[in-house]
Amino acid sequence: QAMAEPGVSPQATLLPVTGYDPFRLYYDVPVWGGWRELRDPLTERRYWSNVNSMLMTWSLVELLRLNGLEEFLLLGGWQLFTVVPEKMEEYEDPYFHLPVWPTPELVGDPLVELKAGDVVASINMPKKGICEIL
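Residues numbered from 1 in each chain as written. Predicted model: local features only at pLDDT ≥ 70, side-chain atom pairs only at ≥ 80, totals over all residues. Heavy atoms only, no water.

Student: An account of the pattern of salt bridges is requested, with residue identities and associated values reported.
Tutor: This model, assessed by the stated rule, comprises 1 salt bridge. With a shortest N-O distance of 3.2 Å, Glu37 and Arg46 are connected by a salt bridge. Given a relative accessible area of 14%, Arg46 falls into the buried group. (Salt bridge = Lys/Arg side-chain N within 4 Å of Asp/Glu carboxyl O. Buried < 20%, exposed > 50% of the residue type's maximum accessible area, 1.4 Å probe, protein only.)

What follows is the structure, encoded as C-alpha cells:
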C-alpha cells in the first residue's frame, strides 16, 4: 500500500486505479448542475439561475465561484478560445494584439486589445467571426 505524499495528507493512501487520470481537474458531468442563463426582459441584462438550489445571481464572479463555468463549458453553452496569430510574422511579433470592437461594424475605439495567448470565454458558437465575450 503506497502512502500519500508526506506532509500533504499523512493519513491518506493512494489507491491503484486503472483507466482513470488522478490529475484530472474536472468531472465528466457537472458537479453542481442546474444553471440556466436568462435575460431580464426589461433591462436585457444577463443573469443566472440554478434550478436545483434555487439560487439566482447577476454576478459573473459569483457564478464562476459556484461552478457555473464548468457546467456551461461541459454542456457546450460556452466555449474557451485562445488568441493565436495565424500569420507567421504576427506569431513572432511580441507586440501582437487583437482589437475587440463592441459592434460588427468595427468602428470607433476597440473595447479591449487581446495579446497572443490570452484566453477568452464566449457564449454560444461564434458566427462569421462575431461572438459575445464574457
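Student: Which residues make up the pairing of strand β4 (residues 46-50), and what values go with them?
Tutor: Burial analysis of β4 places 5 of its 5 residues in the buried class, which makes it a mostly covered element. Every second residue of β4 is oriented toward a common face, with Arg46, Trp48 and Asn50 on one face and Tyr47 and Ser49 on the other, all of them buried. Both strand β3 (residues 35-39) and β4 contribute to a ladder of 5 bridges, which runs antiparallel. Bridged to Arg39 within β4 is Arg46. Note: β4 against strand β5 (residues 55-57), 3 bridges, orientation antiparallel. Following the sheet pairing, Asn50 is matched in β5 by Leu55. Between β4 and the antiparallel strand that follows it, β5, lie 4 residues; Met54 among them carries a positive phi value of about 60 degrees. (Helix = DSSP H or I, 4+ residues; strand = E, 2+ residues; numbered from the N terminus. Pairing = 2+ DSSP bridges.)

Student: Before we move on, could you go through unusual backbone geometry and cite the residues and values that matter?
Tutor: One non-glycine residue, Met54, lies in positive phi territory at about 60 degrees. Along the polypeptide, Met54 turns up in the loop between β4 and β5. The class of Met54 is exposed, set by a relative accessible area of 69%. At Leu106, a position not held by glycine, the phi torsion is positive, near 55 degrees.

Student: For the sheet that holds β5, give the residues involved together with the corresponding values.
Tutor: Pairing within the open sheet is antiparallel, and its 3 strands lie in the order β3-β4-β5. Across the chains shown, the open sheet's two edge strands, defined by having one partner strand only, are β3 and β5. For this sheet the average axis-to-axis angle between neighbouring strands, irrespective of direction, equals 20 degrees. (Axes fitted to C-alpha atoms, helices over the stretch in contact; angles between N-to-C directions.)

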